[in-house]
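Residue-level listing of the chains:
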Amino acid sequence: RIPAAIVLTAVPPARGFGEASKTAEARKALAQYGLPVVRATIGYRTVLADALAAGLAVEEFDPTSRAAAEIRNLARIVEMQLWQDAPAAPALPRSI
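For the structure given in this document, a descriptive report is provided here. Note that the structure is a prediction, hence the values are computed from the model and not measured. Position numbers for residues start from 1 in each chain and track the written sequence from start to end. pLDDT decides what is reported in this predicted model: residues at 70 or higher carry local features, side-chain atom pairs at 80 or more are listed and counted, and totals for whole chains, interfaces and linings draw on all residues regardless. The side-chain numbers reported here are obtained from all heavy atoms of the structure, hydrogens and water having been left aside.

## Notes on the overall build of the protein chain
Helix numbering and strand numbering both begin at the N terminus, where a helix is a DSSP run of H or I of at least 4 residues and a strand a DSSP run of E of at least 2. Along the backbone of the protein chain there are 4 helices and 2 strands. Counting helices and strands in the order they occur from the N terminus, the protein chain gives β-α-β-α-α-α. Taken across its 96 residues, the protein chain has 21% of its residues classed as buried. Throughout, a contact is declared for two residues whenever any of their heavy atoms are within 4.5 Å. Long-range pairs, those at least 24 residues apart, make up 50% of the contacts in the protein chain between residues at least 6 apart in sequence. Within the structure as shown, the protein chain displays about 7,500 Å² of accessible surface, and the carbon and sulfur contribution to it stands at 59%. Residue exposure (1.4 Å probe, protein chains only): buried if accessible area is under 20% of the type maximum, exposed if over 50%, otherwise partly exposed. Method for areas: the Shrake-Rupley scheme with a 1.4 Å probe, in which residue coverage is limited to the protein chains shown.

## Re the side chain of Thr23
For Thr23, the location among the structural elements is in helix 1 (residues 21–30). Thr23 gets classed as buried once you look at its relative accessible area, which sits at 4%. Beyond its immediate sequence surroundings of up to four residues, Thr23 is in contact with Leu8, Val11, Pro12 and Thr41.

## Focus on the environment of Arg27
Relative to the elements of secondary structure, Arg27 occurs in helix 1. Given the relative accessible area of 11%, Arg27 is considered buried. Every residue in contact with Arg27, bar those within four places of it in the chain, is listed here: Leu8, Glu19, Val37, Val38, Arg39 and Thr41. Polar contact criterion, stated in full: a pair of N or O atoms within 3.5 Å, where within protein one must be able to donate a hydrogen and the other to accept it, and residues adjacent in sequence count only if both atoms are side-chain atoms. In terms of polar contacts, Arg27 uses its side chain to reach the side chain of Glu19, at 3.0 Å.

## Regarding the side chain of Glu70
Locating Glu70 in the fold gives a position in helix 4 (residues 66–82). Setting aside chain neighbours within four positions, we find Glu70 in contact with Thr41, Ile42, Gly43 and Arg45.

Printed below as a string of C-alpha cells:
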C-alpha cells in the first residue's frame, strides 16, 4: 500500500492567531476522505508564480523566501512521515 496524504496549497494568510477560517473549513471537509491532511500548508505566494515563469523551483529562484521554507518543510514531512514505512520502490533498469 502506498502512503498518501492531502496537502493544502494556495492557502490564504492567517488572520490573527491560527490559520485562516477557509483553511480550517477545508481541513474539516477533506477529513471525510479518510486520508490525513498534512498540518503544513503551502501559502498563496507570488514568488511561486514568479519561479514557475522563470522555469525554476522556488528553492532555486528565491531560497530565502517563505515559500521555499514551506516547500522544504513539506519535503521533510513527506520524507519522515509518509515514506518512512513505505514499501521499497522496484529497482529501475539500468541503461547500457
